[in-house]
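Okay, here's what each chain looks like letter by letter:
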Amino acid sequence: MNGKAKTSDPFEGLFEDAAARALSRVGVVDVGSNSIRLVIFDGAARSPAYFYNEKVMAGLGKDMATTGRLNPEGVERAFAALSRFATIAEGMKVRPMTVVATAAVREADDGPAFRKRVEKATGLKLTVIDGEEEARLSAQGVLLGWPDAKGLVCDIGGNSMELAEVDGEGGIGRRVTSQLGPFRLQQVKGGEDGLKKHIAGIMKDLGKAVGTDHDRIYLVGGSWRAIARLDMERRGYPMTVLHEYRMTPDDVRETVEWIADHDLQKLRSKVGISNSRMELVPLASLVLRELVDTFKPKELAISSYGIREGLLYEHMSKSLRARDPLLESAKFTEKQMARMPGFGKKLYQFLSPLFPDSPPQRDRLIRAACLLHDTAWRTHPDYRADACFDNVTRANMAALSHPERVFLGVALLHRYRNSRSDSAMMPLFGLLSDEELNDAEVLGKAMRFGAMFSVKDPDEAGELKLSKKKDKLELSLTKTGRALFGEVAEARFQSLCKSMGVEGVVKG
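Residues numbered from 1 in each chain as written. Predicted model: local features only at pLDDT ≥ 70, side-chain atom pairs only at ≥ 80, totals over all residues. Heavy atoms only, no water.

S.K.: Mind laying out the layout of surface pockets, listing which residues take part and the relevant values?
M.R.: Here the idea is plain: a probe the size of a water molecule rolls over the atoms and shows the empty space left. By volume, the largest pocket is sized at about 520 Å³. Around the largest pocket, the lining is made up of 26 residues, and of these Arg37, Lys55, Arg225, Leu242 and Ser304 lie nearest the centre. When contributions to the lining of the largest pocket are tallied by element, the ones reaching two or more residues are strand 2 (36-42), strand 3 (50-56), helix 9 (222-235) and helix 14 (307-314). Ranked by residues supplied to the lining of the largest pocket, first place goes to helix 9 with 4 residues. (1 Å grid on protein atoms, 1.4 Å probe; cavity = no way out; pocket = protein on both sides within 12 Å on 5 of 7 lines; lining within 4 Å. Points joined across faces, edges and corners; volume = space filled by probe spheres on them. Helix = DSSP H or I, 4+ residues; strand = E, 2+ residues; numbered from the N terminus.)

Laid out in structure tokens, this is it:
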């Protein structure tokens, strides 16, 4: 080894931890007013891997505001779905299942009878949670994806909307629930003017309850995701991953008006939103517009994580919650898919002199890239570079913004290819600045060199040193390194130096 100082090791993943392994398969069912979803989590405990995921738009809460009872058709659809989910869980040996029910079952006169029927027939015990608990679990779901989330979590369902504060340090503050779900709003009289007045009055009270001084609002729920997908369509946004998609208040206002001016069915067919979801979008749009006008956030962020992920978070120890979801996911992926698990850590240590001033947010991307650098090796060589890019930009990874996804993608693309000029992924490159694109290229070419320089441990073959003026990159070779530094390795080293704008010097 070259004697580099070692610091605390974020590469030491949780997968040898018995307590973490106990979380390897967790089943959760969320019985909402509109949808019922089964999720079975497996694998990377801190970064959820969806072993199984199924949703049924049962519409339990439809018309409940006027009848006081669960929708009869929705009851039968829900019962069929829950019977199926219980059988699936049994087949996958997931026991016990955590099943929670929210506003519809909580408030319906026949909610208790529905619960008894389900338990008797399927063995599933529905735990009915109140609005504040629903808000807390949704906030925990956001914290699973954003450990440092700070602002206001807003979860909209069919019959209710919850708000909860998150403080940036994993804490959850004030919580409140309301009846601003689209199913309830369908029953409000007075046309659009009446609806707007009704929504504004409730929103004002919500602002008093949780404060209006939140710079960011995290949006949880299918209606918000549908509106975000339509915002992407309006803006011609190049990526369709909804998790961590960002909107400004002006984006929201423009999209709400754009939705109102277009045929809903034509929009639905363009973006693939279901009929049952799309019919709630106009009402949800009015709520979102008033949310923006009342709370005046600087930014709104879409979270694909909510109550189900919040329940997974509930199982986690404090130390497990403190881990970086991105690095845990990358570590897990390397262990499952790389030819030589563990090499990513060695590659990072070898390349670290190239990035002496990297802030923590950039350093974690460098670590993740090194862990992922060899996970697409089974792909045909002609498509490997684009496959790497596509995999990481679409992957179910948490704590990763859209520009960060593209940064990782470009780095991994250059792990296998010198040029990106003819890449089919070019439209996504616009999410990065020219400087960020170059930094990603440098990282990729550094991995491209380091990964083939030594297949065992690059530190045993040589050491990289960037001059103080950052105008020279020196490679000092060991005896082993001199044997490994063939013409292909030399060409890759010089390509790296060219992208860095430095002179390459080889010693030894």
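S.K.: Before we move on, can you summarise unusual backbone geometry with the specific residues and values?
M.R.: Notably, Lys296 is not glycine yet its phi reads approximately 50 degrees, a positive angle. Structurally, the position occupied by Lys296 is in the loop between helix 13 (281-295) and strand 11 (299-303). For Ala399, which is not a glycine, the phi torsion comes out positive at approximately 55 degrees. Positionally, Ala399 belongs in the loop between helix 19 (384-394) and helix 20 (402-416).

S.K.: Outline the confidence of the model for the protein chain, supporting the account with residue identities and numerical values.
M.R.: Per-residue pLDDT for the protein chain has a mean of 93; in total, 95% of the residues score no lower than 70. Within the model, pLDDT remains below 50 along residues 1-7, and this stretch shows 14 contacts once partners closer than five positions in the same chain are excluded. (pLDDT = per-residue confidence, 0-100. Contact = heavy atoms within 4.5 Å.)

S.K.: How would you summarise the UniProt feature "domain: Exopolyphosphatase C-terminal" (unreviewed entry) in the protein chain if you had to cite specific residues and measurements?
M.R.: In the numbering used here, UniProt assigns the feature "domain: Exopolyphosphatase C-terminal" (unreviewed entry) to residues 363-501. Helix makes up 58% of residues 363-501 and strand 8%. Its end C-alpha atoms lie 21 Å apart. (UniProt positions renumbered as here; feature names shortened; annotations may be inferred.)

S.K.: Tell me about the domain arrangement of the protein chain, and name the residues and values.
M.R.: Parsing the protein chain into structural domains produces domain 1 (26-128), domain 2 (132-309) and domain 3 (324-506). Computed over C-alpha atoms only, the centres of domain 2 and domain 3 are separated by 37 Å. Contact residues are listed per partner, giving 14 residues for domain 2 and 15 residues for domain 3. Surface buried jointly by domain 2 and domain 3 totals about 1,100 Å² across both partners, of which 61% is contributed by carbon and sulfur atoms. It is Pro238, Met239 and Glu244 that lose the most area in domain 2 upon contact with domain 3, and together they represent 45% of the buried surface on that side. For the interface between domain 2 and domain 3, the tally reads 0 salt bridges. Linking domain 2 to domain 3 there are 6 residue pairs in polar contact (both at pLDDT 80 or more). Residue composition of the side of domain 2 that touches domain 3, by class: 9 nonpolar, 3 polar and 2 charged. (Domains from an automatic or database assignment. Buried area = accessible area lost by both parts, 1.4 Å probe. Salt bridge = Lys/Arg side-chain N within 4 Å of Asp/Glu carboxyl O. Polar contact = N/O pair within 3.5 Å; in protein donor to acceptor, adjacent residues only side chain to side chain. Nonpolar A, V, L, I, M, F, W, Y, C, P; charged D, E, K, R; others polar.)

S.K.: Give a detailed account of the nonpolar core, specifying residues and quantitative values.
M.R.: Ranked by internal contacts, the top residues of the largest apolar core, which has 103 residues, are Met161, Leu163, Leu219, Trp224 and Leu351. For this core, the element with the highest residue contribution is helix 13, accounting for 9 residues. Here this core gathers at least three residues from each of two domains, domain 2 (132-309) and domain 3 (324-506). Every residue in contact with Leu163, bar those within four places of it in the chain, is listed here: Ala135, Leu152, Val153, Cys154, Arg174, Arg175, Val176, Leu206, Val210, Leu291 and Phe295. Met64, Ala78, Phe85 and Val99 belong to the second-largest nonpolar core, a separate cluster that totals 31 residues. (Core = buried A, V, L, I, M, F, W, Y, C linked by side-chain atoms within 4.5 Å. Buried < 20%, exposed > 50% of the residue type's maximum accessible area, 1.4 Å probe, protein only.)

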